[in-house]
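Geometric and topological summary
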Amino acid sequence: MALGDQVIQLCCINRYTTENREEQAPPTMFTQTALHSAWRALAIVLVSLLWLVQPTSAAAAVTDLLPGMKEAQGTESAEATSPRGDSGTTSEADPKEAQQAPPPEPSATPVQPVLEEEPEQPLQSDLPAAEHADIRQQIETLREALVQRQAALEASQRRLAQAQSLLERLDNEYRSFELRLETAGLNLTNDYARLLRQRLERLQSQTIADGLTEGISTQLSAAREEQLRLEEFEALSAPEDTDRGRLRQLRTEIIVQLHGVVTDHIDVLNDYYNTVVALRDRFAAYQELLQQRLFWLPSAERVSPAMASELYQGVSWLLSGLQWPELSKAVRASFAERGGWILLILVILAVLLMRRRTLRNVVINTGDDVGNVGNDRMALTLTAASLSFLLALPWVLALSAVALLLKEGNSLFAALSSGFTGAAFVTLLLRTLHSVARPEGLGERHFHWQTATLAAIRHQMPLLLAVLTPIVIILPTMETPEGADYSNSLGRFLFLVASGALAWFAYRVMSAVSLANPSSRFLQGARIVTVVIPLMLAIASLWGYHYTAVQLEGLLFLSGCWLAAVMMMYYLALRALSVRERRLTLKRLREQRAAERKLAETRETAEHSGEGMPVALDMPEMDLKDISQQSKALVRIVAFVLAASVLWVFWADVVPALQVFDSVTLWTIAGAEGEEALPITLGDLMLALLFGIGTILAARNLPGTLEVMFLSRMNLEPGAGYAITTLVTYVIVFAGIMAALAVIGLQWSKLQWLVAALGVGLGFGLQEIVANFVSGIILLFERPIRVGDTVTINGITGTVARIRIRATTLVDWDRKEQIIPNKTFVTQDLTNWTLTDPITRVIIRVSVAYGSDVDQVRDLLQEVAENNERVVDDPAPAVFCVGLGDSSVNFEVRVFVRDLLDFMPLSHELHSAITRTLRDANVEIPYPQRDIHIRTAPMPWGVPGAKTEGSS
């Protein structure tokens with residue numbers, strides 16, 4: 001940075017400090033304010049003179065004059081090569097020399113992001129009533145309100161100026177800092193990294209005042225309310241040419257003036273609110289920039305033999321701080337503060353220890369019925385999982401109790417309390433996994449994990465806990481002011497031990513996993529990676545990248561724990577699917593046997609009736625193998641998405657490469673009037689592609705999961721499950737398409753006209769196809785026909801074999817397949833013989849000769865109908881004499897049959913039985929009788945051969 005820029009920056013800092021002091025000073029401190037102004041002017045004059053006489057020493061003089069600028073001033077030659085230049089001049093230095101120059105040091109007095117908070121109570125002027133209060137009192141009250149509002153306006157303007165100045169300086173510092181980092185790249189010194197880390201710690205410890213925006217919003221609301229009341233107050237005033245009228249005129253002038261001040265205050269508060277929001281955003285971006293660059297910079301010196309003495313000193317310091325008086329004082333203070341919670345934890349711990357053996361036996365007993373279709377339940381697995389969690393709690397509760405007992409101690413014991421809390425969390429994760437791996441426990445009996453893997457986890461987990469627990473307890477002490485000096489020695493040593501323990505645990509467990517499938521390259525590679533990563537991080541810590549190694553290993557540990565939790569949820573879901581699949585398989589087998597028996601009976605009936613019958617109906621049910629594959633695939637997809645989403649959140653702030661997709665803008669979507677254009681980035685496009693892929697996978701695999709988890713629990717009619725899964729698939733596809741389009745900026749508000757036009761076009765161009773499609777949906781919802789129903793439509797009678805979204809297939813009595821569009825079933829007359837009741841009436845007509853006994857004939861026909869096995873009793877058969885014909889007395893036998901396929905066999909049987917019965921009873925079935933009359937007529941005139949009168 002050039003000297004001119006330094007002078008401007010230093011003067012701005014001095015002015016900012018002086019202005020802050022002036023704001024905080026009472027009115028009586030005018031003398032001190034004047035002295036500060038004189039001191040500032042003197043500093044500027046001195047800087048100018050020194051700059052003219054000796055530029056190199058001027059900066060040092062200013063540094064001596066202004067406190068806080070002497071620390072880590074760094075070299076000025078590198079800043080002099082800034083691309084911006086100074087006072088319009090350009091640098092003529094060689095680019096190669098500029099590239100080889102060391103990076104500039106950061107400013108030692110960065111922007112302090114501190115703003116004055118708004119008053120807790122908003123300003124509300126006590127305006128009098130315009131009609132009832134005395135006018136002089138009104139004027140006095142309005143003047144007081146005007147003075148208060150002007151004071152509030154000046155305070156808000158002062159805060160706005162401070163915030164704008166702070167935002168401008170923070171923007172300048174951020175851009176300058178970003179430019180410096182881009183110029184320097186990764187060629188940064190340890191001192192530079194140390195200063196960056198101090199800058200980040202300062203920014204993390206400071207923040208904009210909490211509730212500042214809420215306070216500004218409250219002030220705005222109060223000011224707007226007062227503005228409305230002033231407008232109403234002014235509207236009620238009427239001018240008069242009297243003394244009272246002149247007072248009212250004065251009151252009106254004050255009201256107008258007050259209204260203008262309130263309006264100005266509202267504008268200032270709006271600007272202040274926007275400035276504070278922008279300041280917070282820039283502040284967060286500044287922190288993010290520092291975090292991204294610091295993560296890959298060395299944080300300590302490389303390990304040398306001289307650090308052995310520092311390690312010894314660190315151990316001595318830690319042991320010397322564990323004094324019994326301080327410990328007893330911390331325990332007493334903590335117990336007095338949180339005694340109830342500590343006693344509750346100890347009581348729960350005692351109960352769990354007493355019931356520990358019983359809990360273990362219950363876990364073992366839950367696995368006895370696993371695999372037994374009749375007794376297996378998902379509740380057994382959930383019980384085992386809950387009890388395994390309870391078995392892991394004793395150690396966790398003990399560490400938590402110790403953490404509470406040390407909470408109110410000095411800085412060392414407070415850090416140890418934080419360490420015990422972290423150790424309790426780590427113990428909870430690892431002990432839960434250890435409980436799952438118990439012999440005959442959840443992993444072995446319920447999840448069927450490999451025995452060798454479970455044995456390795458059981459044997460290595462206590463060793464890992466014995467190493468990690470004390471390390472996690474001690475590490476927070478390195479963050480105390482006294483322990484910070486030993487962070488690079490004792491803290492690094494503890495990190496190396498923890499890394500070695502994690503590498504050994506990963507080696508033993510992954511070796512056991514690889515035994516089951518030694519030819520798997522994936523498992524071999526996973527074993528190498530899980531062992532090498534902790535060792536590489538340990539080497540990085542020894543090389544000086546201790547902060548980076550600690551952060552990476554912590555994230556890796558959390559990632560591993562999260563993957564273990566996802567794996568547990570995955571196996572729980574597979575276990576639930578397995579239980580439901582077994583029950584569904586048993587149910588399907590029973591239904592299949594019943595259907596086979598019914599099909600055999602139907603075939604036998606069809607053979608006797610002479611009608612055709614489809615060999616098997618295409619029932620819309622999924623195959624059990626497809627259900628299993630789809631369900632497991634969907635569970636794997638959900639587990640992968642869940643794991644990847646959380647891992648992305650863990651690592652997005654660490655690896656800058658994960659955020660590069662949001663910085664590449666592909667196109668912009670124009671917003672509404674007054675709104676900014678919406679940029680569509682590469683990340684948005686990738687997210688839209690993920691939505692599309694997820695929609696396809698969900699549409700393919702969701703039907704099986706629905707069948708297993710939900711539809712199999714319902715007593716649905718044939719075809720209802722198919723209708724539900726089909727409609728759910730349509731909804732998923734529609735929702736996925738809309739979500740993908742919304743991500744890339746195509747909202748429904750912009751697509752509705754296109755969809756409307758497309759709908760009109762489809763309505764005219766593809767009218768029949770759309771009509772059949774909609775009719776198919778209506779058939780799925782209304783279900784006037786089902787697979788297996790016997791229907792008659794357009795003179796075609798047959799059995800419904802398949803229902804699809806466009807057409808329905810009927811198999812007639814000749815076993816011909818008739819493809820009928822779905823629109824026909826919705827718009828035309830349809831007869832469904834088996835929709836709600838398969839019972840059908842059969843009418844047999846019988847004629848007997850005149851002279852037969854009508855009552856005898858009726859009884860004989862009634863007896864024949866009742867003796868037939870195909871005739872149902874309810875409704876009962878009936879016989880009626882329905883008419884007197886030309887040569888016979890006519891009867892009708894009305895009976896009901898259970899199935900339509902029994903129609904022809906029953907007709908045959910009844911006709912045969914009636915014929916035999918009437919013959920045995922000597923009842924005659926008459927032939928049709930006709931009377932023929934022959935009449936002779938004379939031949940007409942003109943016909944050859946005809947005789948006429950008088951001819952010879």
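Now for a description of the structure that goes with this document. Just so you know, these numbers come straight off a predicted model, no measurement behind them. (Residues numbered from 1 in each chain as written. Predicted model: local features only at pLDDT ≥ 70, side-chain atom pairs only at ≥ 80, totals over all residues. Heavy atoms only, no water.)

1. Quick look at the packing of aromatic side chains
How we decide: Stacked, tilted and edge-to-face are the three classes assigned to paired rings of Phe, Tyr and Trp, where Trp is represented by its six-membered ring and a pair needs centres within 6.5 Å; plane angles under 30 degrees give stacked, over 60 edge-to-face, the rest tilted. The numbering of helices and of strands both runs from the N terminus, where a helix is a DSSP run of H or I of at least 4 residues and a strand a run of E of at least 2. Type-normalised accessible area, obtained with a 1.4 Å probe on protein chains alone, sets the label of each residue: buried when under 20%, exposed when over 50%, and partly exposed for intermediate values.
This model, assessed by the stated rule, comprises seven aromatic pairs. Pairing Phe447 with Tyr571 gives two aromatic rings, centres 5.6 Å apart and planes at 35°, and the pair type is tilted. One end of the pair, Phe447, is in the loop between helix 15 (442-446) and helix 16 (451-474); the other, Tyr571, is in helix 19 (residues 546-609), and 124 residues separate them in sequence. For the ring pair Trp504 and Tyr507, a centre distance of 6.0 Å and an interplane angle of 35° mean the geometry is tilted. Taken together, the residues span about one helical turn, with Trp504 and Tyr507 both in helix 17 (residues 487-516) at a distance of three residues. Overall, Tyr507 belongs to the partly exposed group, its relative accessible area being 40%. Grouped by ring-pair contacts, the aromatic residues Phe447, Trp449, Tyr570 and Tyr571 constitute a single cluster.

2. Re the sheet that holds strand 8 (residues 840-848)
Hydrogen bonding along the main chain pairs the strands of a sheet, whether they run parallel or antiparallel. As a reminder, the rule being used: Strands pair, by our definition, only if DSSP identifies at least two bridges between them. Think of each axis as a best-fit line through the C-alpha atoms, taken over the contacting stretch in the case of a helix, with angles from 0 to 180 degrees between the N-to-C directions.
In space, the three strands of this open sheet follow the order 8-10-9, with antiparallel pairing throughout. Each edge of the sheet is formed by a strand with only one pairing partner; in this case those strands are strand 8 and strand 9 (878-884). In this sheet, neighbouring strand axes are inclined to one another by 25° on average, regardless of whether the strands run parallel or antiparallel. Bridge analysis of strand 8 against strand 10 (residues 889-897) gives nine bridges, and the strand direction is antiparallel. Along strand 10, the bridge assignment pairs Val842 with Val895.

3. Brief notes about the pattern of salt bridges
When charged atoms on two side chains of opposite charge get close, those side chains can pair. Heads up, the rule is: We define a salt bridge as a contact between a side-chain nitrogen of Lys or Arg and a carboxyl oxygen of Asp or Glu at a distance within 4 Å.
One pass over the structure, following the stated rule, counts twelve salt bridges. Of the charged contacts, one joins Glu440 and Arg445 as a salt bridge, the two residues approaching to 3.9 Å between their closest N and O atoms. Taking the relative accessible area as the measure of exposure, Glu440 reaches 35% and is therefore partly exposed. Across the pair Arg858 and Asp859 runs a salt bridge, and its minimum N-O distance is 3.4 Å. Residue class for Arg858 comes out partly exposed when judged on its relative accessible area of 36%. Given the relative accessible area of 41%, Asp859 is considered partly exposed. A network of salt bridges, in which partner residues are shared, links Asp368, Glu440 and Arg445.

4. Some details on the side chain of Thr809
Rule in force here: Any two residues having at least one pair of non-hydrogen atoms within 4.5 Å are treated as being in contact.
With respect to the helices and strands, Thr809 occurs in strand 5 (residues 807-812). Taking the relative accessible area as the measure of exposure, Thr809 reaches 6% and is therefore buried. If we skip the residues at most four places from it in the chain, Thr809 touches Thr799, Val800, Ala801, Arg802, Glu817, Gln818 and Ile819.

5. Some words on unusual backbone geometry
Geometrically, the link from Asp874 to Pro875 is a cis peptide bond, its omega value of 5° lying close to zero. Assignment of secondary structure puts Pro875 in the loop between helix 26 (854-867) and strand 9. For His448, which is not a glycine, the phi torsion comes out positive at approximately 60°. Locating His448 in the fold gives a position in the loop between helix 15 and helix 16. We note that Asn922 has phi near 60°; this positive angle belongs to a residue other than glycine. For Asn922, the location among the structural elements is in the segment after helix 27 (903-920). Classification of Asn922 by relative accessible area gives exposed; the value is 73%.

6. Focus on helix 11 (residues 356-366)
Worth spelling out the cut-off: This arc is taken over the directions from the axis of the helix to the C-beta atoms.
Among the residues making up helix 11, those that are buried are Arg356, Leu359, Val363 and Thr366. Summarising the axial view, the buried residues of helix 11 lie within an arc of 85°, below the 170-degree limit, and thus occupy one face. The elements touched by buried residues of helix 11 are helix 10 (324-354), helix 12 (378-391), helix 13 (393-405) and helix 15.

7. Details of a negative patch on the surface
Convention followed: Without a salt bridge and with relative accessible area above 30%, a residue can belong to a patch; like charges are then joined within 9 Å and nonpolar side chains (Val, Leu, Ile, Met, Phe, Trp, Tyr) within 5 Å. Residue-level accessible areas treat just the shown protein chains as cover; the underlying method is Shrake-Rupley with a 1.4 Å probe. Just so you know, the count uses Lys and Arg for positive and Asp and Glu for negative, and it drops His and the chain ends. A charge is said to be at NZ when it belongs to Lys, at CZ for Arg, at CG for Asp and at CD for Glu.
On the surface, Glu863, Glu866, Asp873 and Asp874 cluster together into a patch of negative charge. Position of Asp874 among the secondary structure elements: in the loop between helix 26 and strand 9. Under the relative-accessibility criterion, Asp874 is labelled exposed at 65%.

8. Quick word on the nonpolar core
How we decide: Buried Ala, Val, Leu, Ile, Met, Phe, Trp, Tyr and Cys residues that are joined via side-chain atoms within 4.5 Å together make up what is termed a nonpolar core.
Counting 42 residues, the largest nonpolar core has Leu430, Met461 and Leu464 as the members making the most contacts within it. Among the elements of the structure, helix 9 (307-321), helix 13, helix 14 (411-436), helix 16, helix 17 and helix 19 are those that each provide at least two residues to this core. Counting residues per element, this core draws most heavily on helix 14, at nine residues. Discounting chain neighbours no more than four positions away, the residues touching Leu464 are Leu430, Ala501, Leu502 and Phe505. Counting 24 residues, the second-largest nonpolar core is a separate cluster that includes Leu153, Leu212, Ala223 and Val276.

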